[in-house]
Amino acid sequence: MTYTTILTETRGRVGVVTLNRPKAMNAFNQQMLGELFDALEAFDKDQAIGAIVVTGNEKAFAAGADIKEMAEASYVEMLTAGHVQSWDRIRGIRKPVIAAVSGWALGGGCEFVLSCDMVVASESAKFGQPEITIGVIPGAGGTQRLARLVGKYLAMEMVINNRTLTAQEALQFGLANRIVPVEGYLDAAVSFAEEIASRAPLAVRMAKDAVNAAFETALSEGLAVEKRNFYPLFATEDQKEGMKAFIEKRKAEWKGK
Ligand code: DAK
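Residues numbered from 1 in each chain as written. Predicted model: local features only at pLDDT ≥ 70, side-chain atom pairs only at ≥ 80, totals over all residues. Heavy atoms only, no water.

Novice: What's the story with the site of the ligand in this structure? I'm lost.
Specialist: Lining the immediate surroundings of the ligand are 25 residues, of which Ala63, Ala65, Ile67, Lys68 and Gly108 lie closest. A distance of 2.9 Å is found between a nitrogen atom of the ligand and a backbone nitrogen or oxygen belonging to Ala63. Contacts to the ligand include Lys68, whose side-chain N or O atom sits 3.0 Å from an oxygen atom. Alone, the ligand offers 1100 Å² of accessible surface; in the complex the protein occludes 67% of this. Its residues assigned to classes, the shell around the ligand shows 15 nonpolar, 5 polar and 5 charged. (Near = heavy atom within 4 Å. Polar contact = N/O pair within 3.5 Å; in protein donor to acceptor, adjacent residues only side chain to side chain. Areas by Shrake-Rupley, 256 points an atom, 1.4 Å probe, with all protein chains shown as cover. Nonpolar A, V, L, I, M, F, W, Y, C, P; charged D, E, K, R; others polar.)

Novice: Would you mind showing me how to read the pairing of strand β2 (residues 14-19) here?
Specialist: Regular strands place side chains that alternate from one sheet face to the opposite one. With 6 of 6 residues buried, β2 lies mostly within the body of the structure. Going residue by residue along β2, you find Val14, Val16 and Thr18 tucked away on one face and Gly15, Val17 and Leu19 tucked away on the opposite face as well. As defined by bridge partners, strand β1 (residues 6-11) adjoins β2 across 6 bridges and the pair is classed as antiparallel. Bridging across to β2, Leu7 finds its partner in Thr18. (Buried < 20%, exposed > 50% of the residue type's maximum accessible area, 1.4 Å probe, protein only. Helix = DSSP H or I, 4+ residues; strand = E, 2+ residues; numbered from the N terminus. Pairing = 2+ DSSP bridges.)

Novice: Can you help me understand the packing of helix α5 (residues 108-115) against helix α6 (residues 142-150) in this one?
Specialist: A packed helix pair is summarised by two numbers, namely the angle formed by the two axes and the spacing between the axes. Packing of α5 against α6 leaves a shortest axis separation of 10 Å and a crossing angle of 55°. Regarding the angle of α5 to α6, the classification is oblique. For α5 against α6, the interelement crossing comes out left-handed. Between α5 and α6, the contacting residues are Glu111, Leu114 and Ser115 on the first element and Gly142, Arg145, Leu146 and Leu149 on the second. (Axes fitted to C-alpha atoms, helices over the stretch in contact; angles between N-to-C directions. Parallel < 35°, antiparallel > 145°, perpendicular 65-115°, else oblique. Left-handed = near helix turned anticlockwise from the far one by under 90°. Contact = heavy atoms within 4.5 Å.)

Novice: What's the story with the side chain of Ser122 in this structure? I'm lost.
Specialist: Secondary-structure assignment places Ser122 in strand β7 (residues 118-122). For Ser122, a relative accessible area of 0% gives the class buried. Ignoring anything within four residues of it in the chain, the contact list for Ser122 reads Val101, Ser102, Gly103, Ala167, Ile179, Val180, Pro181, Val182 and Tyr185.

Novice: It is not clear to me how a nonpolar patch on the surface should be interpreted in this structure. Could you clarify?
Specialist: Residues Phe230, Tyr231, Phe234 and Met243 make up a contiguous nonpolar surface patch of roughly 440 Å² in combined accessible area. As for its placement among the helices and strands, Tyr231 is situated in the loop between α11 (219-230) and α12 (237-247). (Patch = residues over 30% accessible without salt bridge, like charges linked within 9 Å, V, L, I, M, F, W, Y side chains within 5 Å. Salt bridge = Lys/Arg side-chain N within 4 Å of Asp/Glu carboxyl O.)

Novice: I would appreciate a short explanation of the sheet that holds strand β9 (residues 165-166) in the present structure.
Specialist: Strand pairing within a sheet occurs via backbone hydrogen bonds; the two strands may be parallel or antiparallel. Across the sheet, which stays open at both edges, the 4 strands sit in the order β4-β6-β8-β9 with mixed pairing between neighbours. The sheet is open, and its two edges are formed by β4 (60-62) and β9, each paired on a single side. Looking at chain direction, strand β6 (residues 104-106) and strand β8 (residues 126-128) are connected through 3 bridges and run parallel. Bridge pairing links Ala105 to Phe127 in β8. Sheet strands in contact with α5 are β4, β6 and β8, and its direction is about 90° off that of β6.

Novice: Which parts of the structure should I look at to understand the layout of surface pockets?
Specialist: Think of a ball as big as a water molecule: rolled over the atoms, this probe shows where empty space is left. Estimated volume of the second largest pocket: approximately 330 Å³. Around the second largest pocket, the lining is made up of 18 residues, and of these Gln47, Ile49, Lys95, Pro201 and Leu202 lie nearest the centre. Sorting elements by how many residues they give to the lining of the second largest pocket places helix α10 (residues 201-213) first, with 4 residues. Looking at side-chain class alone, the lining of the second largest pocket contains 7 nonpolar, 3 polar and 8 charged residues. (1 Å grid on protein atoms, 1.4 Å probe; cavity = no way out; pocket = protein on both sides within 12 Å on 5 of 7 lines; lining within 4 Å. Points joined across faces, edges and corners; volume = space filled by probe spheres on them.)

Novice: Mind showing me how you'd approach the packing of α6 against helix α7 (residues 152-161) here?
Specialist: Contact geometry of α6 with α7 gives a least axis separation of 7 Å together with a crossing angle of 140°. It follows from the interaxial angle that α6 and α7 lie oblique. Both α6 and α7 take part in a crossing whose hand is right-handed. Residue-level inspection shows Thr143, Leu146, Ala147 and Val150 of α6 in contact with α7, the latter providing Lys152, Leu154, Ala155, Met158 and Val159.

Novice: Explanation requested: the pattern of salt bridges in the structure shown.
Specialist: Pairing between side chains of opposite charge can happen when their charged atoms approach one another. Taken as a whole, this structure holds 14 salt bridges when the rule is applied. A salt bridge links Lys255 to Glu237; its shortest N-O distance comes to 3.5 Å. Of this pair, Lys255 sits in the segment after α12 while Glu237 sits in helix α12; the two residues are 18 residues apart in sequence, bridging distant segments of the chain. Owing to a relative accessible area of 41%, Glu237 belongs among the partly exposed residues under this scheme. With a closest N to O distance of 2.7 Å, Glu248 and Arg250 form a salt bridge.

These results come straight from atomic positions and should not be treated as a statement about function.
This is the structure we're talking about:
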């Protein structure tokens, strides 16, 4: 597949997508959004890939939706353009998606990060929802996912008063898994992803699905999802192999079967 607004590469069992509109601070126009999700879906289907990293450049992960593209849009155009469906495609990705964030992750950029499964932040990463400064509010899950992650008061401050978080604050408030030096931040994210990609693929898939249920359901329903995802793993070769390997004191060899 040929893309014009993103770059893709594979490193071992990791698929890497790089947002590539540096002159626009990687703002998401419709084309980049479409290409990003096409690439994610292609990696998701590829048996040779175990985890996916999405990154930008050192200065900007993504500065949000493309304001120049949206500025003159009418209510009806926004409503009928299928934006919500586009942004929601991230929810269909079954493999772990890791955001490798350096520089600005703003607006839709921050919301995309909030939709990822794990976040590696460089020391220069900055997260924020500045939509209020252009007369709107987050539209791709920012008000909901932020509030669930960082709590009501900080989410209010970020959404209503454009408070941005440094990498340190992001780590403190649960918006990042780890902070790494700017130099080599992508390599660090890829090795983290490689570790994840080396784990039993079907169990990883079930685990991601179950953890995500915690954000969408009542506890009893979430616990039911966990059970529904736990038992079928006993029908996999990987479960037999994993437990046998433990008993035989050797490393398991996963087949994804
Ligand atoms: N859109 C378009 N162009 C952008 C951009 C953006 N979001 N952010 C930056 N750029 C462009 C700038 O216009 C500039 O272009 P030229 O003037 O050189 O042509 C170039 O990138 C470099 O930017 P700056 O000169 O401003 O660079 P600085 O280092 O001074 O500042 C900055 C970097 C990232 C702090 C600043 O550019 C900035 O504040 N950018 C805007 C951030 C922002 O407001 N983001 C929120 C956008 S609204 C939806 C779901 C989601 C959304 C919408 C709909 N539906 C489901 C319907 C999401 C909405 C948003 O994200």
